[in-house]
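# An overview of the molecular structure
The chain contents come next:
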Amino acid sequence: MCGIVGYIGHKKAYPILIKGLQRLEYRGYDSAGVALISEDGDLNVYKAKGKVSDLEACCEDKDISGCAGIAHTRWATHGEPNSTNAHPHYSASGRLALIHNGIIENYMTLKEKLVALGIPFKSVTDTEVLVQLIEHIMLSNELTLLEAVQVALHQVIGAYAIAILDRKHPDTIVCARQSSPLVVGLGADGDFYLASDASPIAEYTDKVAYLNDGDIAVLQPGKELKVVNIDNETQHPKVKQIDITLGQLEKGGYPFFMLKEIFEQPACLRDCMRGRINVGADRITLSAVIDYREKLINARRIIIVACGTSWHAGLIGKQLIESLCRIPVEVEYASEFRYRDPVIYPDDVVIAISQSGETADTLAAIELARRAGAFVFGICNAIGASIPRQTQTGVYIHVGPEIGVASTKAFTGQVTVLSMLALCLAHERGTIRAEHYKEMVRELTLIPAKLEKALESNEQIERLAPIFTYAKNCLYLGRGYNYPVALEGALKLKEISYIHAEGYPAAEMKHGPIALIDSEMPVFVIATRDHLYDKVISNIQEVRARGGRVTAIVTEGDTQIQKFADHIIVLPDTLECFQPIIASIPLQLLAYHIAVCKGKDVDRPRNLAKSVTVE
Ligand code: F6R
């Protein structure tokens, strides 16, 4: 939700900021803006409704000089997307410009006080309140910008990552964070970069400091990074080395990031397992399980908290952990869990799953679990994000930056980590036979090659896709391990093609949804060979008997289903519990090709943002 980028140093700021915004555009794309301190000492703000390309067009005839600037790409929360509500916002005198990611919860109260003092507002955003408040405090008390920010943030309730430029101090950017991410990059020439995540910074430096909640940083080229809190106590965020390649941040010849990321999955899952499964493929080692063995193997219960696609991965994790480790598992939407006053025991283990590591609801669920004394374990992709820092231990999925808004490789990475975790715990608890454990570990290492085979269905799916573009509704059916795959397939279609879709456990259909079935309704059934296969065939027949049009995802060698299905997509065989990883591939491709046929912007679906940092 909203992307922030900033630069101060000796280089031209504008090209760095625009490139940074393009990298962050997945976080929001309804409007964008930039503030620059020009060579003449002016503080120029340019904003445009729409994408970063619209901002570039708007800046074509403007003064874009200067070596200090901040920029923003917006996902609207308060106020419609237009150029007035876009960031940066000027202060009343025009001396300050500010960008913000987050929500200021008490902005109405603060605004009323400022309006009563005669301070004019241009936008209807919560953000403008911040810049007016900071300037008012600064001018009426003759404070420095840093001091004014500290006083102002004492009055603010909510989530923020902010950055501020002051026309009178062109050599300084002040930035701060509370519950919204902010990373500072330390350049080799004493220059500074700042951004919502490391992707806009990686091109210029590999040294970054992830700010912590409550940190306020002062960036002045040639000087040490200064970080204090609102009470002016010095803070020491760790400077870390990041390992992001430019290739990971670019489309590499694919028309969309989503397609690139779908095709990256075999390599990503190899990366995910590397160093964790030994060369002989008979043992899994997860350092988190070694370090916290007793806590984990003695868990009375596991609660998985997550949102969206990560929640679907959690549903698969539940089946894996319950069947292999015999520990009861509950899977909760983080947004419900955090407000539900749930029963949490100190010997519960809470597993938080998140690609971005910044999802506000998942973070709040972690906080609640920790307060109740539970042990919290994270499964994340974004290195150094808030969730890995707020959990006691965890496992990174290591699939590289995911930029397409629809999650693909992160989902299969999450399921792969959950598979490794379940196997590891089962082995430690003695709930799996040694031979079975080895057989499963071996099979897991074969999954990347099987994904390569599954990806060969791309052309067939591309040919099939136009048939489904007319559909207003689609049904996805699966059972057992494939039920979450059906949910995930339906979510993928909804979010990028805007076709309504529902995922359902196939046998539940006759309790209601079967009434929807007619010849207009495409039904996608995941019918791979498992212990429920015959039952799924019966479910397919129930659909066919009502005129439904079935596309079945089947295992190679299947000869039965083609008699009942209009189309079949064939996948390599694997163990039942790993089938979700493979079966997700054709559903990701289907959603992708249907959306492309409908002319949709696959990487930037309407109303969505990659990182949901507001609740
Ligand atoms: C869907 C999708 C979302 C995310 C959800 C949670 O394709 O990407 O449903 O899964 O917003 O995000 P993370 O995993 O970053 O916590």
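Worth saying up front: this structure is predicted, and the values here are computed from it rather than measured.

Criteria and thresholds
Residues numbered from 1 in each chain as written. Predicted model: local features only at pLDDT ≥ 70, side-chain atom pairs only at ≥ 80, totals over all residues. Heavy atoms only, no water. Domains from an automatic or database assignment. Salt bridge = Lys/Arg side-chain N within 4 Å of Asp/Glu carboxyl O. Helix = DSSP H or I, 4+ residues; strand = E, 2+ residues; numbered from the N terminus. Buried < 20%, exposed > 50% of the residue type's maximum accessible area, 1.4 Å probe, protein only. Pairing = 2+ DSSP bridges. Axes fitted to C-alpha atoms, helices over the stretch in contact; angles between N-to-C directions. Contact = heavy atoms within 4.5 Å. Phe/Tyr/Trp six-rings, centres within 6.5 Å; stacked < 30°, edge-to-face > 60°.

Turning our eyes to something else, we now look at the domain arrangement of the chain. When its domains are assigned, the chain resolves into domain 1 (3-249), domain 2 (260-454) and domain 3 (455-597). A C-alpha centroid distance of 45 Å is found between domain 1 and domain 3.

In this structure the tally under the stated criterion is 28 salt bridges. Arginine 177 is the salt-bridge partner of aspartate 213, the closest N and O atoms lying 2.9 Å from each other. With aspartate 213 in the loop between β11 (207-210) and β12 (216-219) and arginine 177 in strand β8 (residues 173-178), the pair connects residues that are 36 residues apart, well separated along the chain. Taking relative accessible area as the criterion, aspartate 213 reaches 35% and is therefore assigned partly exposed. The exposure class of arginine 177 is buried, given its relative accessible area of 3%. A single network of salt bridges, built from pairs that share partners, joins Lys19, Arg23, Glu203 and Glu250.

Let us look at the sheet that holds strand β14 (residues 239-241). Strands sit in the order β3-β2-β4-β1-β10-β9-β11-β14 across an open sheet of eight strands; the sheet is antiparallel. Two strands close off the open sheet at either side, each with one partner strand: β3 (43-49) and β14. Shown here is a sheet whose adjacent strand axes are inclined to one another by a mean of 20°, direction ignored. Taken strand by strand, helix α1 (residues 13-24) contacts β1 (3-8), β2 (31-37), β4 (68-74) and β10 (192-195), and its axis lies near 160° from that of β1. In the packing of helix α2 (residues 52-59) onto the sheet, the strands contacted are β2 and β3, and the crossing angle to β3 comes to about 130°.

Now for the packing of aromatic side chains. Tallying each qualifying case throughout the model produces eight aromatic pairs. With centroids separated by 4.9 Å and ring planes inclined at 10°, the aromatic side chains of tyrosine 193 and tyrosine 204 adopt a geometry described as stacked. Here tyrosine 193, found in strand β10, pairs with tyrosine 204, found in the loop between β10 and β11; they are 11 residues apart in sequence, far enough to count as distant. Relative accessible area serves as the criterion here: at 2%, tyrosine 193 is assigned to the buried category. Classification of tyrosine 204 as partly exposed rests on a relative accessible area of 26%. Pairing tyrosine 292 with phenylalanine 375 gives two aromatic rings, centres 5.0 Å apart and planes at 45°, and the pair type is tilted. Of this pair, tyrosine 292 sits in the loop between α8 (287-291) and α9 (293-297) while phenylalanine 375 is found in strand β18 (residues 375-380), placing the two residues 83 residues apart along the sequence.

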